[in-house]
Amino acid sequence: MNKNTLSVRTIVAIGIGAAVFVILGRFASIPTGIPNSNIEVTYAFLALMAVIFGPIAGGLIGLIGHALKDLIFYGSIWWSWVVVSMFVGFLFGLISKKLDIESGEFGRQKIITFNLVQVGAQALGWFLLAPVLDIVIYAEPTSKVFIQGLGVGISNMVTVGILGTLLLTLYAKTRTKTGSLDRE
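Being a predicted model, the structure only gives us computed values, none of them experimental.

K.L.:
In this structure, what is going on with the UniProt feature "transmembrane region" (unreviewed entry) in the protein? I would like to understand it.
P.N.:
UniProt's feature table lists "transmembrane region" (unreviewed entry) at residues 6–29, 41–65, 71–95, 116–139 and 145–171, given in the numbering used throughout. The span residues 41–65 is 92% helix and 0% strand, and its two end C-alpha atoms sit 13 Å from each other. Span residues 145–171 is 100% helix and 0% strand, its end C-alpha atoms 35 Å apart.

K.L.:
It is not clear to me how the pattern of salt bridges should be interpreted in this structure. Could you clarify?
P.N.:
Two side chains with opposite charge may pair up if their charged atoms get near one another. Within this structure, the stated rule accounts for three salt bridges. Arg 175 is paired through a salt bridge with Glu 102; the nearest N and O atoms lie 3.3 Å apart. Residue Arg 175 is located in the segment after α7 (142–173), and its partner Glu 102 is located in the loop between α5 (96–99) and α6 (108–138); the two are separated by 73 residues in the primary sequence. As a salt-bridge pair, Lys 144 and Glu 140 come within 2.6 Å of each other at their nearest N and O atoms. Relative accessible area serves as the criterion here: at 17%, Glu 140 is assigned to the buried category.

K.L.:
Got a minute to help me understand helix α4 (residues 79–94) in this structure?
P.N.:
Along an α-helix, a turn takes 3.6 residues, which lines up residues three or four apart on a common side. For α4, spanning 16 residues, the distance from its first C-alpha to its last is 23 Å, which sits close to the expected 22 Å at 1.5 Å a residue. When we look at burial in α4, the residues that qualify are Ser 80, Trp 81, Val 82, Val 84, Ser 85, Val 88, Gly 89, Leu 91, Phe 92 and Gly 93. Considering only its buried residues, α4 is in contact with α1 (8–27), α2 (42–53), α3 (55–74), α5, α6 and α7.

K.L.:
Even after reading the chapter, I still don't get the packing of aromatic side chains, so can you show me in this structure?
P.N.:
What the rule picks out here adds up to five aromatic pairs. Here Trp 78 and Tyr 138 contribute two aromatic rings whose centre-to-centre distance is 3.8 Å and whose plane-to-plane angle is 15°, an arrangement assigned as stacked. Taken together, the residues Trp 78 in the loop between α3 and α4 and Tyr 138 in helix α6 connect sequence positions 60 residues apart. Taking the relative accessible area as the measure of exposure, Trp 78 reaches 31% and is therefore partly exposed. Since its relative accessible area comes to 24%, Tyr 138 is described here as partly exposed.

The rules we used
Residues numbered from 1 in each chain as written. Predicted model: local features only at pLDDT ≥ 70, side-chain atom pairs only at ≥ 80, totals over all residues. Heavy atoms only, no water. UniProt positions renumbered as here; feature names shortened; annotations may be inferred. Helix = DSSP H or I, 4+ residues; strand = E, 2+ residues; numbered from the N terminus. Salt bridge = Lys/Arg side-chain N within 4 Å of Asp/Glu carboxyl O. Buried < 20%, exposed > 50% of the residue type's maximum accessible area, 1.4 Å probe, protein only. Expected span 1.5 Å × (residues − 1). Contact = heavy atoms within 4.5 Å. Phe/Tyr/Trp six-rings, centres within 6.5 Å; stacked < 30°, edge-to-face > 60°.

Okay, here's the thing in structure tokens:
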């Protein structure tokens, strides 16, 4: 299946993924002490979905899930961070073919590749893109937004590094390994 097309399976995954993103964002967030910043398990889930369904699904789950979460729980959408969720989800999905999680193998080399990409994607998103968009769109104070971006970025890198890697490892174990006699 081409992960860059929007099949019915991918569209359903986007809808379910966005809904789970909202639920996790509401009920599985831990405040950091930095204003409007939480430790989020949503990005570990986003990484899983993006690697399974590809960059378009990853980007749309990040976009729709984060926008809905903001709208439902805060009453308005903070677009700069929503764009970063879309950006990060898209970049997570770009490595889906290289990781080939459906092969049933997610060993050390793939774990390293995944984590290098997720750290790079989140560094670009949270350390640079989010603060710049906060300044441009909302005229937020520079010192505040870069501290928020740093805090959120680091916590997301650690969360995805641990939980995202665990989710991908567990998912890979549910797949039949390439070359196995059990593979249909």
